[in-house]
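Chains, contacts and geometry: an overview
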Amino acid sequence: MNGCLSRLQLWQVPPSSLLFRRCNFPKTVNFRPPKIMCFCQQLQTTAYEIVNGSYVPSGDTEQVNKVQDKVAMPMEAVGAFQKLPMVMPSVDILYSALKKAKRVSPTKGIANIAKRERNRGAKQLDALMKELSVPLRTYMDYFPNKNHLHPYERSLIELTLGDGNYEEVLRKVCNLRKRVVSVGKEQASLCAKSLSKREAVERLDEGMKKLEEIFNNEGRAVDELLNIAKTLRAMPVVNLETPTLCLVGAPNVGKSSLVRLLSTGKPEICNYPFTTRGILMGHINLSYQIFQVTDTPGLLRRRDEDRNNLEKLTLAVLSHLPTAVLYVHDLSGECGTSPSDQFTIYKEIKERFSDHLWVDVVSKCDLLSDSPVVFITEDSNADNLELANYRRRGPDGSMHVSVKTEEGIDKLKTSVHELLTTQLMRLKISESEEESRDAPRY
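Keep in mind that this is a model prediction, so the values were computed, not measured.

A complete count under the given rule lists five aromatic pairs for this structure. Here Phe343 and Tyr390 contribute two aromatic rings whose centre-to-centre distance is 5.1 Å and whose plane-to-plane angle is 55 degrees, an arrangement assigned as tilted. Placement of the pair is Phe343 in helix α12 (residues 339-352) and Tyr390 in helix α13 (residues 385-393), with a sequence separation of 47 residues. On the accessibility criterion, Phe343 (11% relative accessible area) is buried. Note on Tyr390: relative accessible area 2%, which makes it buried.

Next comes the structure, spelled out in structure tokens:
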């Protein structure tokens, strides 16, 4: 009995006490057990409540975790539009869902006719609800939140689709899914409570018609989402690590002709303003190095709040993408924008984006005469020497080229190559600085 008691006493003694009790340390030595430091990488912050004998996370903790997930959501890189899911037309979704739901058979082994019929009706309504709601849920999961996109792609959505239209269509799709799930569950429950075969058949038909009517009335949101996906997927893909040359200038000054000449891009070329109705992308292969070239809509002389969405696309490219600028001027009088207005636009843009690498080109030089072109409506103030020189030769250091006679084209290609090579070095330096900034310090 004494042995049992002593063993029970030993169980209550900490192991460290037993260790030091057995060791014969000299009395003069004041031995203290070493302090043990524990490092914990992540603490468990989930609180649990006991519900019906099971552990369930408490509601407050779930809300905190959701907020943390939203805060930690990283911003996506450029290229999110190419990851969009394929959206089916609403008619195809409804037809496929009805076809699959009607093939659902009742559970085997039910002998009672009424029970078998209400089982079949409840299962078919549940299947129809799922076949309609699952695609909608997929679209909601894989269409990105606009706030998590790169600023350039966020601007493309706002300027191409209209401010707020993207979020409005996604909201409609979400509401449609919620209504389909709610009505589908309600009708399936009613069908499962039927007391006779006839009642089960009637409730099945009624539930099918309600779900079909809801999807026919509100399915336009899916078709709108389909059009949005087509529009966004057609946007040019920009690689932020590849040097990009952006052609800028007033409308109809010859930017698209130069893009065709310098790159693989094939923009539309017509003799009227705003030929370019979006961002067009081409590529240049120089010395086994691939470079990007963008053709942008023309800019007019007006305040930013008065600019149309095409002009704002050009400003978005310059603001959010690391581009070098090839600014095109037309002093021949053919573009429809006076040299004075072009000069004002040029000064404003160059001052705003002074950190960009820059090359000035005067196009259509085969049409230039010895005397400058002066419009009746423009300011012909002779005291402004800078404007007078601009009308005659363009900006200081600008190159004169002609796509028609190919004058100055070889010199332009050499200058563009040097400009893009410098831009490539800039990108590499910026990337190395970011890596060193993000590297852990010990």
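Here the narrative resumes.
The residue Asn252 is not glycine, and still its phi comes out positive at about 65 degrees. Relative to the elements of secondary structure, Asn252 occurs in the loop between β3 (244-249) and α10 (255-262). Not every positive phi belongs to a glycine, and Glu406 is a case in point at roughly 65 degrees. Of the residues examined, Glu406 reaches a relative accessible area of 57% and is grouped as exposed.

Remark: a regular strand shows side chains that alternate across the two faces of the sheet. In terms of strand pairing, strand β4 (residues 280-286) meets strand β5 (residues 289-295) through seven bridges, oriented antiparallel. What sits directly across from Gly282, in β5, is Val293. Where β4 hands over to β5, the hairpin turn is made up of two residues, of which Ser287 adopts a positive phi near 55 degrees.

Attention now goes to the layout of surface pockets. If you add up the space inside the largest pocket, you get close to 510 Å³. Where the lining of the largest pocket is concerned, the elements lending two or more residues are α11 (309-320) and α14 (409-438). The element best represented in the lining of the largest pocket is α14, accounting for nine residues. Within the lining of the largest pocket, the residues separate by chemical class into seven nonpolar, six polar and seven charged.

Another aspect to go through is the sheet that holds strand β7 (residues 358-363). Within the open sheet, the six strands sit side by side as β4-β5-β3-β6-β7-β8. Their pairing is mixed. With partners counted over all chains shown, the strands left at the sheet margins are β4 and β8 (399-400), one partner each. Note: strand β6 (residues 323-330) against β7, six bridges, orientation parallel. By the bridge assignment, Asp330 is partnered in β7 with Ser363. Docked against the sheet, α11 engages β3, β5 and β6, running at close to 145 degrees with respect to β3. Along the sheet, α12 contacts β6 and β7; its crossing angle with β6, the most-contacted strand, is approximately 170 degrees.

How each quantity is defined
- Residues numbered from 1 in each chain as written.
- Predicted model: local features only at pLDDT ≥ 70, side-chain atom pairs only at ≥ 80, totals over all residues.
- Heavy atoms only, no water.
- Phe/Tyr/Trp six-rings, centres within 6.5 Å; stacked < 30°, edge-to-face > 60°.
- Helix = DSSP H or I, 4+ residues; strand = E, 2+ residues; numbered from the N terminus.
- Buried < 20%, exposed > 50% of the residue type's maximum accessible area, 1.4 Å probe, protein only.
- Pairing = 2+ DSSP bridges.
- 1 Å grid on protein atoms, 1.4 Å probe; cavity = no way out; pocket = protein on both sides within 12 Å on 5 of 7 lines; lining within 4 Å.
- Points joined across faces, edges and corners; volume = space filled by probe spheres on them.
- Nonpolar A, V, L, I, M, F, W, Y, C, P; charged D, E, K, R; others polar.
- Contact = heavy atoms within 4.5 Å.
- Axes fitted to C-alpha atoms, helices over the stretch in contact; angles between N-to-C directions.

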